[in-house]
Amino acid sequence: MKKNSYRAFLLAGVMSLPILASQAARAATLTASDIAKMSKLDKLRAQSYFKKHSFDFSKLFSLYHPGPYWILKKKNDFKLTGKQLKQEEMLKFGMAKDTIEDEAVLKRAYVHYATDSAKSDPSATQIRSDIEAIGKAQTKLASEMVGFHLRGFALLSPEQKTIYHGLVARRTK
C-alpha cells in the first residue's frame, strides 16, 4: 500500500511538471506592464514562494534593512523628492522582476531534479548536479534582494536615513 501511494504521489508530481515548466518559462520574459497586470493573488503567490525559498530573508535581513517597497509605503515619513520616488519605483520594479525571474529559474531546477529523480535508473552525478543547480538558484533568489534594499537606502538623504533608522528600530522591537 505504501509503495503504491508513493508511486501515485510521484506520478502526480511528474504530471504537473509541464505546467510548472510553462509558468517558469513565461516568468523569464516579464515586462513592467506584465507585473502591473498581475493579479493580487499572483503577487501574493510570488511573495509566498520567495519567503519559502529565500533563507528567511524577510525575517532576517529585510527586517533590519527594509527596501524600496517599504520606503515607498513610508514616503510621507521620508518626504521623498520626485526624483527619489522615481528611483525607488525603478528599484521596486527591478526587484519584483528579478525575484519573479529567479523564482522561475528555481522552479525549473526543481523540475529537472524531479524529472531526473523519477527515472528508473537515475544517474547519481546528474542528481547531484540537479541539487547543486537548486542550491545556486535559491542562493541567487535570496541574495539578489540585498543589493536592491541597500540601493534603496542609499538614495535617502542623511536626514531621511535618520528617520529610516528610527522607523526600523520601532519595527524590530
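Structure's up top.
Predicted model only: the values in this text are computed from it and were never measured. (Residues numbered from 1 in each chain as written. Predicted model: local features only at pLDDT ≥ 70, side-chain atom pairs only at ≥ 80, totals over all residues. Heavy atoms only, no water.)

Brief notes about the overall build of the protein
Which entries qualify depends on this criterion: In this text, helices come from DSSP runs of H or I with a minimum length of four residues, and strands from runs of E with a minimum of two, each type numbered from the N-terminal end. For every residue, the accessible area obtained with a 1.4 Å probe (protein chains only) is divided by the maximum for its type, and the residue is called buried under 20%, exposed over 50%, and partly exposed between those limits. Note on areas: these come from Shrake-Rupley sampling with a 1.4 Å probe, and a residue is covered only by the protein chains present in the view.
Counting its secondary structure elements, the protein contains ten helices and zero strands. In the protein, the order of α-helices and β-strands from amino to carboxyl end is α-α-α-α-α-α-α-α-α-α. Among the 173 residues that make up the protein, the fraction classed as buried is 31%. Of the roughly 11,200 Å² that the protein leaves accessible, carbon and sulfur atoms contribute 61%.

Here we look at the packing of helix H4 (residues 40-52) against helix H8 (residues 82-117)
Formally: All axes here are fitted lines through C-alpha atoms, helices being fitted over the stretch that makes contact, and every angle between N-to-C directions spans 0 to 180 degrees. Working rule for handedness: look at the near helix, and if it is turned counterclockwise from the far one by less than a right angle, call the crossing left-handed; if clockwise, right-handed. Whether two residues are in contact is decided by their heavy atoms, any of which lying within 4.5 Å being enough. Any residue that is not Ala, Val, Leu, Ile, Met, Phe, Trp, Tyr, Cys, Pro, Asp, Glu, Lys or Arg is counted as polar, Gly included; the first ten are nonpolar and the last four charged.
Viewed as axis vectors pointing N to C, H4 and H8 meet at an angle of 65 degrees, and their least axial separation amounts to 10 Å. Note that H4 runs across H8; the crossing there is left-handed. Note on element contacts: H8 touches H4 through Thr99, Ile100, Glu103, Leu106, Lys107 and Tyr110, opposite Ala46, Tyr49 and Phe50. Across the contact of H4 with H8, the residue classes break down as six nonpolar, one polar and two charged.

Focus on helix H9 (residues 124-154)
For the record, the criterion: Here, expected helix span is obtained from the residue count minus one, scaled by 1.5 Å.
Over its 31 residues, H9 runs 46 Å from end to end, which matches the ideal 45 Å to within 8%, given 1.5 Å per residue. Within H9, the full set of buried residues consists of Ile127, Asp130, Ile134, Ala137, Gln138, Leu141, Ala142, Met145, Phe148, His149 and Gly152. Residues of H9 that are buried in the fold lie against H4, helix H5 (61-64), helix H6 (68-73) and H8.

Remarks on H4
Rules: The arc under discussion is defined with respect to the helix axis, by the directions toward the C-beta atoms.
Between its terminal C-alpha atoms H4 stretches 18 Å, which fits the 18 Å expected from 13 residues at 1.5 Å a residue. Listed in full, the buried residues belonging to H4 are Ala46, Tyr49 and Phe50. Buried positions in H4, seen along its axis, are confined to an arc of 100 degrees and lie on one side of it. Across H4 from its buried face, at more than 90 degrees, point the exposed residues Lys40, Arg45, Lys51 and Lys52.

Description of the packing of H8 against H9
Going by this rule: What sets the label is the angle itself: under 35 degrees gives roughly parallel, over 145 gives roughly antiparallel, 65 to 115 gives roughly perpendicular, and the rest give oblique.
For the pair H8 and H9, interaxial distance at closest approach is 9 Å and the crossing angle is 170 degrees. As the angle between them shows, H8 and H9 are arranged roughly antiparallel.

So, unusual backbone geometry
Although it is not a glycine, aspartate 56 sits at a positive phi angle of roughly 55 degrees. One non-glycine residue with positive phi stands out, namely lysine 79, at about 50 degrees. Inspection of the secondary structure assignment puts lysine 79 in the loop between helix H7 (75-78) and H8. Owing to a relative accessible area of 67%, lysine 79 belongs among the exposed residues under this scheme.

Some details on the side chain of glutamine 84
Counted only if it meets this: Polar contacts, as counted here, are pairs of nitrogen or oxygen atoms within 3.5 Å of one another; within protein the pair requires one atom able to donate a hydrogen and one able to accept it, and residues that are adjacent in sequence qualify only if both atoms are side-chain atoms.
Inspection of the secondary structure assignment puts glutamine 84 in helix H8. Among the polar contacts made by the side chain of glutamine 84, one reaches the main-chain amide nitrogen of threonine 81 at a distance of 2.9 Å. Discounting chain neighbours no more than four positions away, the residues touching glutamine 84 are Lys79, Leu155, Leu156, Ser157 and Gln160.

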